[in-house]
Amino acid sequence: MTLPDNWLFLKQFTKARIALGRNGVSLPTKETLNFSLSHAQARDAVHQPFNSNKIQDELHAMGLSTLTVYSCVKDREEYLRRPDLGRKLDQESIKKLEEAYQNPSDLIVIIGDGLSSYAVDRQAVSVIRSLLPYLKKLNIQLGPVILAHQARVALGDQIGSILHAKSIAMLIGERPGLSSADSLGIYMTWQPDNTRNDADRNCISNVRPEGLKHDLAAFKLAWLLEQSFIKQISGVRLKDESDNTALSDSIKPLYIS
């Protein structure tokens, strides 16, 4: 007999594995199988190839230009073993960016596969679509959207430096959890270059329909961008206080207007 858990009512508030019940001293068979399925989905999210062509087509349909680049990583196995190589562009990609550079952009958005290309495939384009009206309001010039294969977060600093961007926003797949294989992270950095570290970035995490929704994530990013351009800082010195309307300048949440 499977005995229900007294915390069962809490399941309506979270996707976390709580109130699973028990069968004797063990988990019910259903929950054991569900755990195995979630583990397999997390592994698949890590190893699923980045379909940048699909995203490129969607961005082109929105009137945005794109460039595709690669890190120094040769394959997925090396990506997982050598994080340092995922932070550096290969020579061909460096040359491509240098040849493409014409004028400095206010913002470069980079879409990197990271540890879940599934997350990027599901979330990235929707976030950018929600962000565009804010960029227009702020008069922030958006450069080409960069599609980065085998990317780590810090790869954005090198890309932004080559393109002389004032700021970058890296949209990248987060490490999959057993209840969220499709979670996207957004990392915003003011004046990116190879001296930047994690303390210089602002992070917006858990971007997905069941977490931080696309429109709210876009609003938070726009709020941080406005404050970053005003104060010319990012990272630990720039706090996300987008939920305090008294501290907002021109950026207001469009999704509730």
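Residues numbered from 1 in each chain as written. Predicted model: local features only at pLDDT ≥ 70, side-chain atom pairs only at ≥ 80, totals over all residues. Heavy atoms only, no water.

### Points about helix α5 (residues 117-138)
Every α-helix winds through 3.6 residues per turn, so residues three or four apart in the chain are directed the same way.
Item 1. For α5, which comprises 22 residues, the first-to-last C-alpha distance of 30 Å matches the rise-based estimate of 32 Å (1.5 Å per residue) to within 8%.
Item 2. Largest kink in α5: about 40°, centred on Q123.
Item 3. Downstream of α5 by a residue or two, N139 has a phi angle that is positive, lying close to 60°. (Helix = DSSP H or I, 4+ residues; strand = E, 2+ residues; numbered from the N terminus. Expected span 1.5 Å × (residues − 1). Bend = angle between axes of the 7 residues up to and from the residue.)

### So, the packing of aromatic side chains
The description of two aromatic rings rests on the distance between their centres and on the angle between their planes.
Item 1. Counting across every chain of the model gives two aromatic pairs.
Item 2. On the numbers, 6.2 Å between centres and 50° between planes, the contact of Y134 with F219 is tilted. Of the two residues, Y134 sits in helix α5 while F219 sits in helix α7 (residues 214-231), which places them 85 residues apart along the sequence.
Item 3. Note on Y134: relative accessible area 2%, which makes it buried.
Item 4. Over the face of the ring belonging to Y79 we find R76, whose NZ or CZ atom lies 4.2 Å from the ring centre.
Item 5. The lysine or arginine in question, R152, covers the ring of Y79, its NZ or CZ lying 4.1 Å from the ring centre. (Phe/Tyr/Trp six-rings, centres within 6.5 Å; stacked < 30°, edge-to-face > 60°. Buried < 20%, exposed > 50% of the residue type's maximum accessible area, 1.4 Å probe, protein only. Lys NZ or Arg CZ within 6 Å of the ring centre and 35° of its normal.)

### Description of the UniProt feature "binding site: adenosylcob(III)alamin" (unreviewed entry) in the chain
Item 1. Under the local residue numbering, the UniProt record ascribes the feature "binding site: adenosylcob(III)alamin" (unreviewed entry) to V153, E174 and C203. Separation in sequence by 51 residues is not matched in space for these annotated residues, since their most distant C-alpha atoms are only 11.3 Å apart.
Item 2. Along the chain, the position of E174 falls in the loop between β6 (167-173) and β7 (184-190).
Item 3. If sequence neighbours within four positions are ignored, E174 has contacts with L115, S116, S183, L184, G185, S205 and N206.
Item 4. Mapped onto the elements of the fold, C203 is located in strand β8 (residues 201-207).
Item 5. The residues touching C203, leaving out its near neighbours within four places in the chain, are I186 and Y187. (UniProt positions renumbered as here; feature names shortened; annotations may be inferred. Contact = heavy atoms within 4.5 Å.)

### Some points on the sheet that holds strand β4 (residues 107-112)
Item 1. Strand order in the open sheet formed by six strands is β3-β5-β4-β6-β7-β8, and the pairing between neighbours is mixed. Whereas interior strands pair on both sides, the edge strands pair on one side only; in this sheet they are β3 (66-70) and β8. Taken pair by pair, the neighbouring strands of this sheet meet at an average axis angle of 20°, ignoring direction. (Pairing = 2+ DSSP bridges. Axes fitted to C-alpha atoms, helices over the stretch in contact; angles between N-to-C directions.)

### Overview of the side chain of H149
Item 1. Within the secondary structure, H149 is located in strand β5 (residues 145-149).
Item 2. Residue classification places H149 among the buried residues on the basis of a relative accessible area of 12%.
Item 3. There is a polar contact of 2.9 Å between the side chain of H149 and the side chain of S52.
Item 4. Look past the residues within four positions of H149 in its chain and what remains in contact with it is F50, S52, T68, V69, Y70, S71 and D113. (Polar contact = N/O pair within 3.5 Å; in protein donor to acceptor, adjacent residues only side chain to side chain.)

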